[in-house]
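Below are the chains, spelled out letter by letter.
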Amino acid sequence: LIQAGKLAVLGQMSAGISHEINQPLTALRALSRNTLLLLEGGRTKAVAENLKSVDDMVERMGRITSQLKSFARKTRTAADPVDLAAAVRNVLLLLEHRLSAEQVEVRVEVPDGTQVQGDINRLEQVLVNLATNALDAMAASACRQLSVSAEEHSGRVWVRVEDTGPGIEPAHMKRLFEPFFTTKPAGQGLGLGLVISSKIVSELGGNLRAQPGEAGMAFEFDLLAVHKEVHV
């Protein structure tokens with residue numbers, strides 16, 4: 001069920017990611033043709049600038065496809081130190097096409113070096129599910145802001161994903177983690193994302209919960225903090 005949920009998320013992102021990759025491919029074609037003309041004219045400085053642009057775009061596409069493959073593969077149950085900031089960056093890379101298209105402001109307040117006990121692929125699945133839900137909730141909002149933050153308290157790291165959507169009716173709050181319950185229109189959700197996310201967080205030793213945010217909804221979960229050993 002967890003793997004099926006991951007593949008469903010990938011399916012939802014595929015159209016946007018195809019568009020995201022198609023744009024630099026078109027630019028690469030134009031740059032290549034332009035570079036040939038510049039070479040014929042002996043304009044080596046302009047050629048170097050074009051090649052740098054080509055390299056940047058290829059690097060970007062490589063990061064996207066690499067992260068997709070990493071996210072899609074099946075993972076083992078593990079409890080390893082995970083760089084939380086890196087996991088958040090990977091998730092935002094996967095969703096970058098949608099964040100840009102929907103003009104969503106992203107606020108990340110995750111201190112560098114924050115580590116939690118878990119598995120990076122499973123943690124990223126939770127973050128993707130929560131962020132995707134947040135984007136869906138803000139689809140009709142005038143102000144679209146996605147916030148991801150983390151704070152450590154008493155040996156636990158509390159991760160919070162918050163949106164500026166319309167929120168959820170109180171009557172629906174107690175049913176959010178029921179299988180197949182969804183507030184999305186028909187055909188836009190199976191009602192399994194939060195169930196799967198809650199199960200993953202539970203297996204990693206934490207608890208996923210929902211509560212009203214400052215403007216919309218906030219989902220937060222806690223994981224065991226991991227501190228690097230300092231050798232003197």
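The preceding data block contains the structure.
Quick caveat: nothing in here was measured; it's all calculated off a predicted structure.

A. How the structure looks around the overall build of the chain. Assigned secondary structure in the chain consists of 7 helices and 7 strands. Element order for the chain, N to C, with α for helix and β for strand: α-α-β-α-α-β-β-α-β-β-α-α-β-β. Looking at the chain as a whole, 42% of its 232 residues qualify as buried. Expressed as a percentage of contacts within the chain between residues at least 6 apart in sequence, the contacts between residues at least 24 apart total 73%. Only carbon and sulfur atoms are counted for the fraction: they give 54% of the accessible area of the chain, which is about 12900 Å².

B. Molecular detail of the pairing of strand β6 (residues 208-212). Two strands pair when backbone bridges link them, and β6 and strand β7 (residues 217-226) are joined in this way by 5 bridges, in the antiparallel orientation. Directly across from Arg209, in β7, lies its bridge partner Glu220. In this antiparallel pair of consecutive strands, β6 and β7, the connection spans 4 residues.

C. Geometry of the pattern of salt bridges. By the definition in use, this model includes 10 salt bridges. For Arg107, the salt bridge is made with Glu109, and the minimal N-O distance between the two is 3.2 Å. Accessibility expressed as a relative area gives 38% for Arg107, which makes it partly exposed. For Glu109, a relative accessible area of 48% translates into the label partly exposed. A salt bridge links Arg156 to Asp222; the nearest nitrogen and oxygen atoms lie 2.8 Å apart. Taken together, the positions of Arg156 in strand β5 (residues 156-162) and Asp222 in strand β7 put the pair 66 residues apart, joining distant regions of the chain. Each of the salt bridges in this network shares a partner with another, and the network as a whole consists of Arg156, Arg160, Glu162, Arg209, Glu220 and Asp222.

D. Layout of the environment of Leu127. The residue Leu127 is located in helix α5 (residues 120-137) in this model. Residue Leu127 is classed as buried on the basis of its relative accessible area, which comes to 4%. For the pair Leu127 and Val148, spaced 21 residues apart in sequence, the C-alpha separation works out to 9.1 Å. Apart from residues no more than four positions distant in its own chain, Leu127 is found in contact with Ala87, Val88, Val91, Val159, Val161 and Phe221.

E. View of unusual backbone geometry. One non-glycine residue, Gln103, lies in the positive phi region at around 55°. Note on placement: Gln103 falls in the loop between α4 (96-101) and β2 (105-109). Its identity as a non-glycine residue notwithstanding, Ser154 has a phi of 50°, on the positive side. Here Ser154 shows up in the loop between β4 (145-153) and β5. With relative accessibility at 79%, the residue Ser154 sits in the exposed group.

F. A look at helix α3 (residues 84-94). Burial analysis of α3 places 9 of its 11 residues in the buried class, which makes it a mostly covered element. Among the residues making up α3, those that are buried are Leu84, Ala85, Ala86, Ala87, Val88, Val91, Leu92, Leu93 and Leu94. Backbone nitrogen of Ala85 and a side-chain oxygen of the N-cap are separated by 3.1 Å at the start of α3; the cap is Asp83.

What counts as what
- Residues numbered from 1 in each chain as written.
- Predicted model: local features only at pLDDT ≥ 70, side-chain atom pairs only at ≥ 80, totals over all residues.
- Heavy atoms only, no water.
- Helix = DSSP H or I, 4+ residues; strand = E, 2+ residues; numbered from the N terminus.
- Buried < 20%, exposed > 50% of the residue type's maximum accessible area, 1.4 Å probe, protein only.
- Contact = heavy atoms within 4.5 Å.
- Areas by Shrake-Rupley, 256 points an atom, 1.4 Å probe, with all protein chains shown as cover.
- Pairing = 2+ DSSP bridges.
- Salt bridge = Lys/Arg side-chain N within 4 Å of Asp/Glu carboxyl O.
- Polar contact = N/O pair within 3.5 Å; in protein donor to acceptor, adjacent residues only side chain to side chain.

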